[in-house]
Every structure is written in structure tokens, then in C-alpha cells.
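Overview (structure and organization)
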Amino acid sequence: MSTQSLAAPGRRRPALVPTAALLLGAVYCLLPVVWVLVASTKSGSELFSTFTFLPGSGFADNVSELTEYRDGVYWKWMANSAFYAGVGALLSTAVSAVSGYALAVYRFRGKETVFNILLAGVLMPPVILAVPQYLLLAEADMTDSYLSVLLPLILSPYGVYLARIYAAAAVPVDVIEAGRMDGGGEWRIFRTIALPMMLPGLVTVFLFQFVAVWNNFLLPYIMLGDDEKFPVTLGLYTLLQQGSNTPALYTLVITGALLAIIPLIALFLVIQRFWSLDLLSGAVKS
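Residues numbered from 1 in each chain as written. Predicted model: local features only at pLDDT ≥ 70, side-chain atom pairs only at ≥ 80, totals over all residues. Heavy atoms only, no water.

Okay, the nonpolar core next. Among the nonpolar cores identified, the biggest contains 35 residues, and Y74, W77, F210, W214, V232 and L239 are the most heavily contacted of them. Broken down by secondary-structure element, the contributors of at least two residues to this core are α5 (73-105), α8 (146-154), α11 (186-214), α12 (218-223), α13 (232-243) and α14 (249-285). With 8 residues, the top contributor of residues to this core is α14. In contact with V232, other than residues within four places in its own chain, are Y74, W77, M78, S81, W214 and A260. Residues A97, Y101, V171 and M198 belong to the second largest nonpolar core, which totals 11 residues. (Core = buried A, V, L, I, M, F, W, Y, C linked by side-chain atoms within 4.5 Å. Buried < 20%, exposed > 50% of the residue type's maximum accessible area, 1.4 Å probe, protein only. Helix = DSSP H or I, 4+ residues; strand = E, 2+ residues; numbered from the N terminus. Contact = heavy atoms within 4.5 Å.)

With that settled, consider α8. Residues of α8 that are buried include every one of S148, V149, L150 and L153, and no others. Tucked inside the fold, the buried residues of α8 contact α5, α7 (126-139), α11 and α12.

What the rule picks out here adds up to 5 salt bridges. D227 is the partner of R70 in a salt bridge, and the nearest nitrogen-oxygen pair spans 2.7 Å. Remark: D227 occurs in the loop between α12 and α13 and R70 occurs in the loop between α4 (59-68) and α5; sequence separation between them is 157 residues. D227 sits in the partly exposed class, given a relative accessible area of 21%. The shortest N-O distance in the salt bridge between R180 and E177 comes to 3.0 Å. With R180 and E177 both in helix α10 (residues 173-181), this residue pair falls 3 residues apart, about one helical turn. Assessed through its relative accessible area of 29%, R180 is described here as partly exposed. (Salt bridge = Lys/Arg side-chain N within 4 Å of Asp/Glu carboxyl O.)

Moving on, we come to the side chain of K229. You can see K229 is positioned in the loop between α12 and α13. You can call K229 buried: its relative accessible area is 18%. With residues near it in sequence (within four places) discarded, K229 still touches N80, Y84, D144, S145, Y146 and L224.

Turning to the packing of aromatic side chains, a few remarks are in order. Considering all chains together, one arrives at 15 aromatic pairs under this definition. Their ring planes at 25 degrees and their centres at 5.9 Å tell us that F115 and Y161 sit as a pair that is stacked. Linking F115 in helix α6 (residues 111-123) with Y161 in helix α9 (residues 157-170), this pair joins segments that are 46 residues apart in sequence. Looking at F115, the relative accessible area reads 10%, which means it is buried. The class for Y161 is partly exposed, based on a relative accessible area of 27%. By the ring-pair criterion, three or more aromatic residues cluster together here, those being Y101, Y106, W187 and F190. Above the ring of F115, the side-chain terminus of R164 is found at 4.3 Å from the ring centroid. (Phe/Tyr/Trp six-rings, centres within 6.5 Å; stacked < 30°, edge-to-face > 60°. Lys NZ or Arg CZ within 6 Å of the ring centre and 35° of its normal.)

What follows is the structure, given as C-alpha cells:
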């Protein structure tokens with residue numbers, strides 16, 4: 001027993017290294033969020049004159065000033081972001097679901113070539129595609145419109161890749177064949193059999209795409225000229241640019257950045273239950 005008691009601490013000690021690394025990574029990621037949270041409570045005078053992590057007393061005033069700025073244009077930016085991210089993520093998830101299912105289930109000539117092109121698209125930096133997309137939409141006279149931001153977001157190579165991997169793992173071929181033997185059409189099989197099986201994976205695709213569109217800056221920056229159509233990322237950038245001449249706007253930028261995080265946190269908390277249900281259902285099926 002004494003030998004075991006001496007050996008046990010030795011087995012636990014190596015776990016301290018990954019735990020410390022995870023804690024360090026968590027601090028590195030959360031520290032900017034904590035700074036934004038604290039800084040948003042400070043007034044313009046407190047922002048530059050008090051200790052960095054000392055809370056202030058001006059949060060309510062900051063929110064009020066942000067709401068009143070240009071007749072509430074900030075909330076227009078938030079609504080635009082919700083529209084771009086919500087509609088864009090839904091359309092992208094639908095395209096990813098159909099494309100991923102087709103690549104996972106069907107056999108056709110050039111299938112591997114298509115999949116390899118998708119992998120290349122995953123590795124392609126968005127900055128490379130932004131200018132060609134602008135030129136194409138300019139030829140169609142669609143720049144400076146909501147569609148100019150939405151259309152390039154519908155096809156997500158990473159979303160198609162995830163949907164293909166999940167469909168291959170979650171949709172048994174025997175079930176598809178049984179549906180065909182029962183006389184079901186391909187679209188009906190996908191809609192009534194495959195889609196429910198793929199739903200937890202598609203929820204993940206939706207979340208990733210929603211966050212990517214919500215945080216997108218480059219595409220709206222290139223496509224849009226009317227600030228009434230700006231998403232919150234681009235709107236806060238214009239406020240930050242004006243803050244170099246009007247330092248009082250810095251508090252509005254910080255407060256706006258904090259408020260822009262809240263929808264993402266709420267979405268994650270709502271969608272998290274689907275992941276839990278998927279794990280439980282997987283355990284029951286096994």
C-alpha cells in the first residue's frame with residue numbers, strides 16, 4: 001500500500017503541465033474580454049486616468065450615448081450583422097448539407113477531384129478572393145447592397161467539408177438503401193432520413209458560419225459604401241477612426257464591442273444543448 005501511495009503522486013504530476021498550459025491559454029484568450037468588460041464601465045475621463053482593471057461608473061451613460069449617437073445607428077449596425085450572419089449562415093448551412101451529403105453518399109466521376117478542390121478552398125485566405133468577388137459583383141451592378149455581402153458567404157468550403165465528414169459518419173449506407181427499396185425518392189430520403197441524422201453536425205456548421213460572418217470585416221469593407229448597411233464590425237471601425245480626432249468616441253467603441261459579443265455568447269449557450277443531446281443519443285445508440 002505504501003508503494004502505491006508513493007507511486008500515485010508520480011502519476012499525477014505530469015498532468016500539471018497540460019493543466020498549466022490550458023490555464024495560460026485561457027488567460028491569454030480571456031484577458032482582452034475582461035479588459036473590454038472593465039473599460040466599458042468607465043467614462044471618457046476615467047478611461048485614461050484610472051487603473052486598467054479598475055471598474056468605473058459610466059456604463060449606463062456609455063450605453064445611452066451609444067444609443068443616441070446618430071439616432072441609434074449602432075443598433076442599425078447590429079441589426080445588419082444579425083441579418084448577414086443569420087441569413088448567410090442558414091443559406092450556407094443548407095448548401096453545405098446538400099453538398100456534403102452528395103459527396104458522402106453518391107459515387108460519380110470526379111468526386112475526389114471536387115473534394116480536393118474543396119480542401120484547397122478551405123486553405124485559401126479570404127483576402128485573396130475578396131477583390132475578385134468585388135469585381136464580379138461590380139460587373140453585375142450589385143455592389144453596395146445587402147446581396148453583395150450575402151452572396152459570397154453562401155458557399156463555405158469548410159462548411160461543405162464538415163458536412164461531408166459528418167454525413168459519412170452519421171448516415172449509414174444501409175439506411176439509404178432501405179429507403180430506396182421502399183420506393184423513396186432521393187430528395188425525400190435526404191429530407192426525411194439523412195437530414196435528421198445530420199442535424200447535430202449541421203448545427204455546428206451553422207454556429208461556425210454565424211460567428212465567421214458576424215466577425216467578418218474585409219468583405220463588407222470592400223463591398224459597402226453606405227454606412228447604413230454596415231455590419232457592427234465595420235461600423236465600430238469607422239467610430240474608431242473618428243476617435244483619433246474625437247477621443248470621447250473611444251468609450252462608445254469599447255461599449256459597442258462589448259455589446260457585440262453578447263449575441264455570440266447567447267447563441268453558443270442556446271446551441272450547446274444540441275451538442276449535449278447528440279452525445280446522449282450517440283451513447284444510447286451504441
